[in-house]
Amino acid sequence: MLPGDIAADILDVMIYQSKKRKIHTEKRPFSALSFRLEAQNSSFFQKKMLPTKTGSIAFVPQDTEYDRTTDGEKTVVIHFTLYN
């Protein structure tokens, strides 16, 4: 359950498009929320696999390191900082 007082700073909103890639992301000082407009065999890996496909939404909390693979995708990504 969310606290009664919550605030967020939106850092950026962007459309990200890629072809086949494997990406490692180090811990970041912000959270991310992504929506897959188009995705072909896209997955997140941390302790277990999280498959994503067209229409999937993924939340990655700040200070989270992860790996991601994709055979191609177009994604809307929102980077933000949460307070409280």
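Residues numbered from 1 in each chain as written. Predicted model: local features only at pLDDT ≥ 70, side-chain atom pairs only at ≥ 80, totals over all residues. Heavy atoms only, no water.

Draft legend 1. The arrangement of a nonpolar patch on the surface in detail. Taken together, the side chains of Ile15, Leu33, Phe35, Leu37, Ile57 and Phe59 present a nonpolar region at the surface, about 550 Å² in accessible area. Of all the secondary-structure elements, those providing two or more residues to the nonpolar patch are β3 (31-39) and β6 (57-60). The dominant element in the nonpolar patch, judged by the number of residues it contributes, is β3, at 3 residues. Turning to its location among the elements, Ile15 is positioned in strand β1 (residues 7-18). (Patch = residues over 30% accessible without salt bridge, like charges linked within 9 Å, V, L, I, M, F, W, Y side chains within 5 Å. Areas by Shrake-Rupley, 256 points an atom, 1.4 Å probe, with all protein chains shown as cover. Salt bridge = Lys/Arg side-chain N within 4 Å of Asp/Glu carboxyl O. Helix = DSSP H or I, 4+ residues; strand = E, 2+ residues; numbered from the N terminus.)

Draft legend 2. Focus on unusual backbone geometry. With a phi angle near 60 degrees, Asp63 is a residue other than glycine that sits in the positive phi range. Tracing the backbone shows Asp63 in the loop between β6 and β7 (66-70).

Draft legend 3. How the structure looks around the side chain of Thr52. Of note, Thr52 is situated in strand β5 (residues 49-52). Among residues more than four places away in sequence, those in contact with Thr52 are Arg36, Ala39, Ser42, Ser43 and Phe44. (Contact = heavy atoms within 4.5 Å.)

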